[in-house]
Amino acid sequence: MNSLQRIAYLAFFYQFVSMVYIISLFVAVIAFFSLLVLVYYEAFLRLKEDNLTNLWKSVYQTLTIRMFLRQSEHSETVTTVEQAKVTRYNPINKYFNQAVRKVIVDIRENKVTLIIRIPKTQQATKILKDMEMLISEEIANRNPDYYFSRPERNGKWLYFIGTKRK
């Protein structure tokens, strides 16, 4: 018998922690297998309908375009009355960066799609609007075999769609 179980009031706590551990382990295993199934399904679809290298290009370009779009000028240090230094974050860039975290690049055999979520605030949306030309140049530079149309807004999303050059 474990030494924690000998103390009466800790026995319930020990059982509770053990139960939470087992449940969290079970949830983690289910989540891991769900992830494996989804990755297998996506890879299977890519092999069947497209090219597996386009999946890796999509993942790579999604990560690099997110780094490209991220606004890093987000803090300023302010000294308060108590002479403590406090870092304040620019909420406009915060909302913009939240939208940028949801950027998706999907590369298919005949089509490239860049999807950007429209930020929630007007000022963050203005930053995105000002960057549209820069985003178009960047995505066209990364995919020179595709023609890109002007961005199209559909609900909360902005689409840059490229079609393969003949």
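Worth saying up front: this structure is predicted, and the values here are computed from it rather than measured.

(A) How the structure looks around the side chain of Glu132. Summarising the element assignment, Glu132 is placed in helix 5 (residues 122-142). A relative accessible area of 13% means that Glu132 is categorised as buried. Look past the residues within four positions of Glu132 in its chain and what remains in contact with it is Pro151, Leu158 and Phe160.

(B) Here's a closer look at the packing of helix 4 (residues 91-100) against helix 5. Helix 5 packs onto helix 4 with a crossing angle of 60° between their chain directions and a minimal axis gap of 8 Å. Crossing angle aside, the handedness with which helix 4 passes helix 5 is right-handed. Residues Ile92, Asn93, Tyr95 and Phe96 of helix 4 touch helix 5, and the partners they reach there are Gln123, Ala124, Ile127, Leu128 and Met131. Residues of the contact of helix 4 with helix 5, tallied by class, amount to seven nonpolar, two polar and no charged.

(C) Quick look at a positive patch on the surface. The grouping of Arg70, Lys94, Arg101, Lys102, Lys120 and Lys156 at the surface amounts to a positive patch. Positionally, Arg101 belongs in the loop between helix 4 and strand 3 (104-107).

(D) Representation of the pattern of salt bridges. Under the counting rule described, the total for this entry stands at seven salt bridges. Here Glu42 ties to Arg46 by a salt bridge, and the two come within 3.1 Å at their closest N and O atoms. Taken together, the residues Glu42 and Arg46, both in helix 2 (residues 8-49) and four residues apart, mark about one turn of the helix. Linked through salt bridges whose partners overlap, the residues forming this network are Glu42, Arg46, Asp50, Asp106 and Arg108.

(E) Examining the side chain of Arg46 more closely. Arg46 sits in the buried class, given a relative accessible area of 2%. Among residues more than four places away in sequence, those in contact with Arg46 are Asn51, Leu52, Asn54, Leu55, Ser58, Asp106, Ile107 and Arg108.

(F) Quick peek at the packing of aromatic side chains. Using the criterion set out here, one finds two aromatic pairs in the structure. For the ring pair Tyr40 and Phe44, a centre distance of 6.3 Å and an interplane angle of 20° mean the geometry is stacked. Separated by four residues within a single helix, Tyr40 and Phe44 lie in helix 2, roughly one turn from each other. When its relative accessible area of 41% is taken as the criterion, Phe44 is described as partly exposed. The residue whose ring lies beneath Arg165 is Tyr147, and the NZ or CZ to ring-centre distance is 4.1 Å.

(G) How the structure looks around the pairing of strand 4 (residues 111-117). Counting buried positions over the seven residues of strand 4 gives five, a clear majority of the element. Bridge count for strand 3 against strand 4 is four bridges, and the pairing is antiparallel. Note on strand 4: the bridge partner recorded for Ile107 is Val112. Hairpin connection from strand 3 to strand 4: three residues lie between these consecutive antiparallel strands. Bridge count between strand 4 and strand 7 (residues 157-164): seven bridges; the pairing is antiparallel. Paired with Val112 across the bridge in strand 7 is Gly162.

So, how was this worked out
Residues numbered from 1 in each chain as written. Predicted model: local features only at pLDDT ≥ 70, side-chain atom pairs only at ≥ 80, totals over all residues. Heavy atoms only, no water. Helix = DSSP H or I, 4+ residues; strand = E, 2+ residues; numbered from the N terminus. Buried < 20%, exposed > 50% of the residue type's maximum accessible area, 1.4 Å probe, protein only. Contact = heavy atoms within 4.5 Å. Axes fitted to C-alpha atoms, helices over the stretch in contact; angles between N-to-C directions. Left-handed = near helix turned anticlockwise from the far one by under 90°. Nonpolar A, V, L, I, M, F, W, Y, C, P; charged D, E, K, R; others polar. Patch = residues over 30% accessible without salt bridge, like charges linked within 9 Å, V, L, I, M, F, W, Y side chains within 5 Å. Areas by Shrake-Rupley, 256 points an atom, 1.4 Å probe, with all protein chains shown as cover. Salt bridge = Lys/Arg side-chain N within 4 Å of Asp/Glu carboxyl O. Lys, Arg positive; Asp, Glu negative; His and termini not counted. Charge placed at Lys NZ, Arg CZ, Asp CG, Glu CD. Phe/Tyr/Trp six-rings, centres within 6.5 Å; stacked < 30°, edge-to-face > 60°. Lys NZ or Arg CZ within 6 Å of the ring centre and 35° of its normal. Pairing = 2+ DSSP bridges.

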